[in-house]
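Spelled out, the chains give:
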Amino acid sequence: SQQGEEDPQALSIQEGENATMNCSYKTSINNLQWYRQNSGRGLVHLILIRSNEREKHSGRLRVTLDTSKKSSSLLITASRAADTASYFCATVSGAGSYQLTFGKGTKLSVIP
Amino acid sequence: DSGVTQTPKHLITATGQRVTLRCSPRSGDLSVYWYQQSLDQGLQFLIQYYNGEERAKGNILERFSAQQFPDLHSELNLSSLELGDSALYFCASSLGGGMNTEAFFGQGTRLTVV
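None of the values given here were measured: they were computed from a predicted structure. (Residues numbered from 1 in each chain as written. Chains lettered and ligands numbered in written order. Predicted model: local features only at pLDDT ≥ 70, side-chain atom pairs only at ≥ 80, totals over all residues. Heavy atoms only, no water.)

Right, let's talk about the overall build of chain A for a bit. Each helix and strand counted, chain A has zero helices and eleven strands in total. In summary, chain A has a C-alpha radius of gyration of 13 Å against a globular reference of 13 Å for 112 residues, a match within 12%. For chain A, the proportion of its 112 residues judged to be buried stands at 46%. Long-range pairs, those at least 24 residues apart, make up 55% of the contacts in chain A between residues at least 6 apart in sequence. For chain A, the exposed area adds up to about 5,100 Å²; of that, 46% sits on carbon and sulfur atoms. For chain A, the separation between the mean place of its 13 positive charges and that of its 9 negative charges on side chains is 5 Å. (Helix = DSSP H or I, 4+ residues; strand = E, 2+ residues; numbered from the N terminus. Rg over C-alpha atoms; globule rule 2.2 N^0.38 Å. Buried < 20%, exposed > 50% of the residue type's maximum accessible area, 1.4 Å probe, protein only. Contact = heavy atoms within 4.5 Å. Areas by Shrake-Rupley, 256 points an atom, 1.4 Å probe, with all protein chains shown as cover. Lys, Arg positive; Asp, Glu negative; His and termini not counted. Charge placed at Lys NZ, Arg CZ, Asp CG, Glu CD.)

In structure tokens form, the structure reads like this:
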């Protein structure tokens, strides 16, 4: 079953603009991760944010986490055509197991 | 390149058949995970192995089984295949079995059941 729900489902922007994707989840988590998937290919890990962290940066990526609202956002600044992909949030919950529960993803198109 | 190798890349088979998907994790990774990605269900966690032992089970059908061998490679066996089993099957690996580590995904096996 899906834990995270990304919003929007699809996003189209011009190169150079910022892209913001949101993720909401239902149960308490240990951490939340964002992954990128180019069409039909494997997922690439982007960033992990722990439940006691509020914000994290990695290059042009900025992730925030609000555990009180059970939501996270991924900001990609100065987008490039190569950023065109689907972006998924995934949560890890519970002790003793490592099960990533993915949302349905946001399809980002960056127009050159 | 994530370092996770999956074979075959594509597989076409008939309903009722049985197939085996293979995964070699990154060197040194002890955990292997299997995920199924389909258009209607999205990415679903199937099962996790850690150092040869089953660690967690998700939405894995009884027709499906997996194992992790002493050399840490893993196989996912799908039997009595149905049209609805057509999907991308991903293997991922991570160093430990813990929660605060990233997973590295293979390129997937695209299974088509006809």
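Next comes the rest of the description.
What follows covers the overall build of chain B. Assigned secondary structure in chain B consists of zero helices and eleven strands. Mapped from its N terminus to its C terminus, chain B presents α and β elements in the order β-β-β-β-β-β-β-β-β-β-β. What you see for chain B is a C-alpha radius of gyration of 13 Å, in line with the 13 Å of a compact globule of 114 residues. Seen along its three principal axes, the alpha-carbon backbone of chain B occupies a region of about 35 × 30 × 25 Å. When burial is assessed residue by residue, chain B has 50% of its 114 residues classed as buried. If you take every contact in chain B between residues at least 6 apart in sequence, the share linking residues at least 24 apart comes to 55%. Total accessible area computed for chain B in this model is approximately 5,300 Å², and 49% of it derives from carbon and sulfur atoms.

Right, let's get into the sheet that holds strand 1 (residues 5-7) of chain A. Residues and elements named next belong to chain A. Taken in spatial order, the five strands make up an open sheet running 1-3-8-7-6, and their pairing is antiparallel. For this open sheet the edge positions go to strand 1 and strand 6 (55-58), each flanked by a neighbour on one side alone. When strand polarity is set aside, the average angle formed by the axes of neighbouring strands in this sheet is 15 degrees. In this sheet, strand 3 (residues 19-24) lies alongside strand 1 in antiparallel orientation, the contact comprising three bridges. Considered in strand 3, the bridge of Glu5 is made with Ser24. (Pairing = 2+ DSSP bridges. Axes fitted to C-alpha atoms, helices over the stretch in contact; angles between N-to-C directions.)

Moving on, we come to the interface of chain A and chain B. Contacts between chain A and chain B engage 25 residues on the former and 27 residues on the latter. Each partner contributes to the roughly 2,000 Å² buried at the junction of chain A and chain B, and carbon and sulfur atoms together form 50% of this total. Where chain A meets chain B, there are zero salt bridges. Linking chain A to chain B there are six residue pairs in polar contact (both at pLDDT 80 or more). Class assignment of the residues belonging to the side of chain A that touches chain B gives a composition of nine nonpolar, 13 polar and three charged. (Buried area = accessible area lost by both parts, 1.4 Å probe. Salt bridge = Lys/Arg side-chain N within 4 Å of Asp/Glu carboxyl O. Polar contact = N/O pair within 3.5 Å; in protein donor to acceptor, adjacent residues only side chain to side chain. Nonpolar A, V, L, I, M, F, W, Y, C, P; charged D, E, K, R; others polar.)

As a further point, take the packing of aromatic side chains. Across all of its chains, the model carries nine aromatic pairs over all chains by this definition. Aromatic side chains Tyr35 of chain B and Phe105 of chain B sit 5.5 Å apart centroid to centroid with 45 degrees between the ring planes, which places their arrangement in the tilted category. Of the two residues, Tyr35 of chain B is situated in strand 4 (residues 31-38) and Phe105 of chain B in strand 10 (residues 104-105); the sequence distance between them amounts to 70 residues. Here Tyr35 of chain B matches Phe105 of chain B in class, with each residue buried. Consider the rings of Phe90 of chain B and Phe105 of chain B, whose centres lie 6.3 Å apart with planes at 80 degrees: the pair is edge-to-face. Taken as a pair, Phe90 of chain B in strand 9 (residues 87-94) and Phe105 of chain B in strand 10 lie far apart in primary sequence, 15 residues in all. Neither residue differs from the other here; Phe90 of chain B and Phe105 of chain B are each classed as buried. Taken together through their ring pairs, the aromatic side chains of Tyr35, Phe88 and Phe102 of chain A together with Tyr35, Phe45, Phe90 and Phe105 of chain B make up a single cluster. Taking the ring centre of Phe104 of chain B as reference, the NZ or CZ of Arg26 of chain B above it sits at 3.6 Å. (Phe/Tyr/Trp six-rings, centres within 6.5 Å; stacked < 30°, edge-to-face > 60°. Lys NZ or Arg CZ within 6 Å of the ring centre and 35° of its normal.)

Here the focus is the pattern of salt bridges. For the structure on display, the rule yields seven salt bridges over all chains. Its salt-bridge partner being Glu55 of chain A, residue Arg62 of chain A comes within 3.1 Å of it at the nearest N-O pair. On the accessibility criterion, Arg62 of chain A (30% relative accessible area) is partly exposed. Among the ionic pairs, Arg63 of chain B bridges to Asp85 of chain B, the shortest N-O distance being 2.8 Å. Separated by 22 residues along the polypeptide, Arg63 of chain B in the loop between strand 6 (53-57) and strand 7 (64-68) and Asp85 of chain B in the loop between strand 8 (74-78) and strand 9 bring together distant segments of the chain.

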